[in-house]
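For reference, the chains in residue letters:
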Amino acid sequence: MPPSPTLQRTEPETLAALQREHGRALFYFLLGFTAGDAQRAEDLVQETLVRVWQHPEVLATGHESMRPWLFTVARRLAIDARRARMARPQEVEPDGLEQAPAPEDAVAGSVTAIDVRRAVGSLGQEHRDVLVQVYFQDRSVAEAAAELGIPAGTVKSRTHYALRALRKGLQGYGLGA
């Protein structure tokens, strides 16, 4: 079995020279791509230099300056990083999580719905009909009165007494009596 070829890497001194000569310009160039995020721009400069380290053959191309190649690589890295960030959910700071609403408990919601149904079911038919018209069908007092064939004042009165009875039936929910 032939020996595995050793990977060629760019010499540390050469990388340091590239960093000194082009690092500052690369950093400011990348600040524009990162919307002023200095940390991200620094990371992209480092990643650009890692590419030079991994591919020493680019130094042997005979170009007067490596700057065009470095800027092309840096630009592509910045675009790839932005695409990667856009493809995943936005990161949230821990402070924002404290203010986020707690997820609803499905069991608690079901229990509440059952309790409300029971309380509405305990009302008389006339009171139930008024509540259905005003709250569940979202009708005005005048529309409910016309639908039920009763005066608007009666709709108001029955709504008042129906809600009062519901408050009594749902006292554990802090609605007051």
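For the structure, check the block above.
The structure presented is a predicted model; accordingly, all values stated were derived computationally and were not measured.

> Can you help me understand the overall build of the protein in this one?
When helices and strands are tallied, the protein shows 8 helices and 0 strands. Each of the 177 residues in the protein was classed as buried or not, and the buried ones make up 22%. Counting only contacts in the protein whose residues sit at least 6 apart along the sequence, the fraction spanning at least 24 positions is 60%.

> Would you take a moment to explain the side chain of histidine 22 for this structure?
Within the fold, histidine 22 resides in helix 1 (residues 12–33). A distance of 3.1 Å separates polar atoms of two side chains, one belonging to histidine 22 and the other to arginine 67. Those residues in contact with histidine 22 that sit more than four places away from it in its chain are Ser65, Met66, Arg67 and Leu70.

> Looking at this model, I keep getting lost on the pattern of salt bridges. Mind explaining?
For side chains bearing opposite charge, pairing can occur when the charged atoms are close. By the definition in use, this model includes 3 salt bridges. In this structure, arginine 40 and aspartate 37 form a salt bridge, with 3.0 Å as the shortest nitrogen-oxygen distance. Glutamate 47 is paired through a salt bridge with arginine 51; the nearest N and O atoms lie 3.2 Å apart. Of this pair, glutamate 47 and arginine 51 both sit in helix 2 (residues 38–54), 4 residues apart, which is roughly one turn of that helix. For glutamate 47, a relative accessible area of 30% puts it in the partly exposed group. Residue classification places arginine 51 among the partly exposed residues on the basis of a relative accessible area of 31%.

> How should the side chain of threonine 34 be read in this particular structure?
Note on placement: threonine 34 falls in the loop between helix 1 and helix 2. Those residues in contact with threonine 34 that sit more than four places away from it in its chain are Arg40, Ala41 and Leu44.

> Explanation requested: the environment of phenylalanine 27 in the structure shown.
For phenylalanine 27, the location among the structural elements is in helix 1. Since its relative accessible area comes to 17%, phenylalanine 27 is described here as buried. Put simply, phenylalanine 27 and alanine 38 are 11 residues apart on the chain and 8.1 Å apart in space, counted from C-alpha to C-alpha.

The rules behind the values
- Residues numbered from 1 in each chain as written.
- Predicted model: local features only at pLDDT ≥ 70, side-chain atom pairs only at ≥ 80, totals over all residues.
- Heavy atoms only, no water.
- Helix = DSSP H or I, 4+ residues; strand = E, 2+ residues; numbered from the N terminus.
- Buried < 20%, exposed > 50% of the residue type's maximum accessible area, 1.4 Å probe, protein only.
- Contact = heavy atoms within 4.5 Å.
- Polar contact = N/O pair within 3.5 Å; in protein donor to acceptor, adjacent residues only side chain to side chain.
- Salt bridge = Lys/Arg side-chain N within 4 Å of Asp/Glu carboxyl O.

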